[in-house]
Amino acid sequence: MPRPLRVAIVGAGPAGIYAADALLKSEAAADPGVSIDLFERMPAPFGLIRYGVAPDHPRIKGIITALHQVLDKPQIRLFGNVDYGTDIVLDDLRAFYDAVIFSTGATADRALDIPGIELDGSYGAADFVSWYDGHPDVPRTWPLEAEKVAVLGVGNVALDVARILAKTADELLPTEIPPNVYEGLKANKALEIHVFGRRGPAQAKFSPMELRELDHSPNIEVIVNPEDIDYDEGSIESRRSNKQVDMVAKTLENWAIRDVGNRPHKLFLHFFESPAEVVGEDGKVVGLRTERTELDGTGNVKGTGEFTTWDVQAVYRAVGYLSDELPKLPFDIGSGTVPDEGGRVIEGGEHMASTYVTGWIRRGPVGLIGHTKGDANETVANLLEDHREGRLLTPSAPEEAAVVAHLRDKGVEYTTWEGWYRLDAAERALGEAEGRERVKIVEREGMLRASAEPRG
């Protein structure tokens, strides 16, 4: 009797779960079926949704509902708190599975090579996001002494960072933020947030909804300089061909022509300012030096030689995420991705048998969360083609119990999908006590305790 196709997916964020969903919807799921194990480094699933989305974005977190329905399927098992490269390696996965899909995402900050970027008070946005999202592997405190702060970048992460810095702690209290984050934000001294983009309004990477949300807070005055509203032929073409670009530009235009109000926290959106240097004194940030740029006709910009030094005491770079290199897999340092063709991992011009990638580890941290569905569908289609053509490796121990025995023999305290239900209930109980939907448990040990099966 033929056995089910056994697939391991490393990374239980949206990309990995979409890949599992694609497998379950394929013809292979009917006969003889598929059996999928998701391995996740964190004790809880959902990846970017849990640890990369700002807590005041409940609509985006609503994606968890759809992901939840996939993980509820009986063909899927979750092994949380399992670190690829330590608790389980590529040779182990090949022994237990017909194929392996890596969907580990991107969690580190991309570097910005300008003088002073290493100063005290200069931070990566990803680290700050991890702190306010209650990631268990980062410090519990964050320095928020600066009254004037610069955020470098004009994408949604930059908006998240700027908005969290500009809002009051009490505005964020109804969300799931843990107590340490609330206490940290209560002590936040920031009154001015300056967001810098080196190009113009038509090149900003904000989504229209995220941009408009900046203006919803009663405490944040969003300010755009009318001199920063400028377009060339390339910019105009971008607006004509892309409705999202046009909506962002219109929102910025409206803000540029209105009178400045009296909300206590000021959030400035600056365009045509290219970061040139983080200015320091005694090892600490005391300013940011930018070069004014101008459009060149194509939508790109060139420097003008005109420099401005801005009075800020902290700088956050939000210039992109970067994936971590994975043991035993090829890695392109420049793009921060695993080389692939159609999701098939490529090494030395050849496909690494039975090895696939999807999501940000495949194509870099671009696009919205839902865009990873297309990645997953393509990767899974090629995996299934390799299966039909007999190109997959044959595992030596494909029984479902084999990987469980391996993790137990190594002493790995792994969590399960049933454990997520227990952790979810514990966080909701903490929230109910405070009139909130949930309060996130931060400490890894606390997550493991809440996820564990009851004894006795």
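Throughout, residues of each chain are indexed from 1 in the direction in which the sequence is written. For this predicted model, a pLDDT threshold of at least 70 governs which residues receive local features, and a threshold of 80 or more governs which side-chain atom pairs are given and counted, while totals over whole chains, interfaces and linings are taken from all residues. Excluded from the side-chain calculation are hydrogens and water; included are all heavy atoms of the structure.

(A) The overall build of the chain, seen in detail. Labels follow the DSSP assignment, with helices taken as runs of H or I lasting at least four residues and strands as runs of E lasting at least two, numbered in each case from the N terminus. A count of helices and strands for the chain gives 17 helices and 18 strands. When we talk radius of gyration, it's over C-alpha atoms, and the globule rule is simply 2.2 Å times the number of residues to the 0.38. Radius of gyration (C-alpha) of the chain: 24 Å, near the 23 Å computed for a compact globule of 456 residues. Working definition: with a 1.4 Å probe on protein chains only, accessible area under 20% of the residue-type maximum means buried, over 50% means exposed, and in between means partly exposed. The burial tally for the chain puts 56% of its 456 residues in the buried class. The contacts of the chain with a sequence gap of at least 6 include a subset with a gap of at least 24, amounting to 75%. Counting every atom, the chain has about 20,200 Å² of accessible surface; 50% of that belongs to carbon and sulfur. One finds the centroid of the 50 positive side-chain charges in the chain at a distance of 3 Å from the centroid of its 74 negative side-chain charges. Two residues qualify as a contact provided that any one of their heavy atoms is within 4.5 Å of a heavy atom in the partner residue. To measure how exposed things are, a 1.4 Å probe is used in the Shrake-Rupley method; for residues, cover is taken only from the protein chains shown. His is not counted, nor are the chain ends; Lys and Arg add positive charge and Asp and Glu add negative charge. Think of each charge as sitting on NZ of Lys, CZ of Arg, CG of Asp or CD of Glu.

(B) Highlighting unusual backbone geometry. Look at Lys328: it is not a glycine, yet its phi comes out positive at around 75°. Mapped onto the fold, Lys328 is located in the loop between β15 (321-322) and β16 (340-341). Accessibility expressed as a relative area gives 65% for Lys328, which makes it exposed. Despite not being glycine, Ser354 shows a phi value in the positive range, around 65°. Positionally, Ser354 belongs in strand β18 (residues 350-357). According to the relative accessible area criterion, Ser354 is buried, its value standing at 2%.

(C) Region of interest: helix α14 (residues 372-388). Taking 1.5 Å per residue as the helical rise, α14 with its 17 residues ought to reach 24 Å, and the 24 Å between its terminal C-alpha atoms agrees with that figure. If you check which residues of α14 are buried, you get Thr372, Asp375, Ala376, Thr379, Val380, Asn382, Leu383, Leu384 and Asp386. Contacts made by the buried residues of α14 are with β1 (5-10), α1 (14-24), β4 (99-102), β17 (344-347), β18 and α13 (360-363). After α14 finishes, the residue Gly390 shows a positive phi value of roughly 75°. Between the first and last residue of a helix there are one fewer steps than residues, each counted as 1.5 Å, and that sum is the expected span.

(D) Region of the structure containing the pattern of salt bridges. Just to be clear on terms, a salt bridge is a Lys or Arg side-chain nitrogen sitting within 4 Å of an Asp or Glu carboxyl oxygen. For the structure on display, the rule yields 35 salt bridges. A salt bridge links Lys148 to Asp311; its shortest N-O distance comes to 3.3 Å. Note that Lys148 is positioned in strand β7 (residues 148-152) and Asp311 in the loop between β13 (301-310) and β14 (314-317), a separation of 163 residues in sequence. For Lys148, a relative accessible area of 25% translates into the label partly exposed. The exposure class of Asp311 is partly exposed, given its relative accessible area of 45%. With a shortest N-O distance of 3.0 Å, Arg391 and Glu385 are connected by a salt bridge. Among the residues examined, Glu385 registers a relative accessible area of 31% and is labelled partly exposed.

(E) Local environment of the packing of aromatic side chains. Centres within 6.5 Å make a pair out of two Phe, Tyr or Trp rings, where for Trp the six-membered ring is used; the pair is then stacked when the planes are under 30 degrees apart, edge-to-face when over 60, and tilted otherwise. If you walk through the whole model with that rule in mind, you get 18 aromatic pairs. Seen from their ring centres, Phe96 and Tyr97 are 6.4 Å apart, and the 90° between their planes marks the pair as edge-to-face. Note on accessibility: Phe96 and Tyr97 belong to one class, buried. Members of the aromatic cluster, connected to one another through ring pairs, are Tyr123, Phe128, Trp131, Tyr132, Trp142 and Tyr316. Two limits define a charge over a ring: the Lys NZ or Arg CZ must be within 6 Å of the ring centre, and within 35 degrees of the ring normal. Directly above the aromatic system of Tyr231 lies the positively charged group of Arg239, at a separation of 4.8 Å from the ring centroid. Positioned over the ring face of Phe307 is Arg289, at 4.1 Å from the centre of the ring.

Read these as layout, nothing more, since geometry by itself doesn't imply function.
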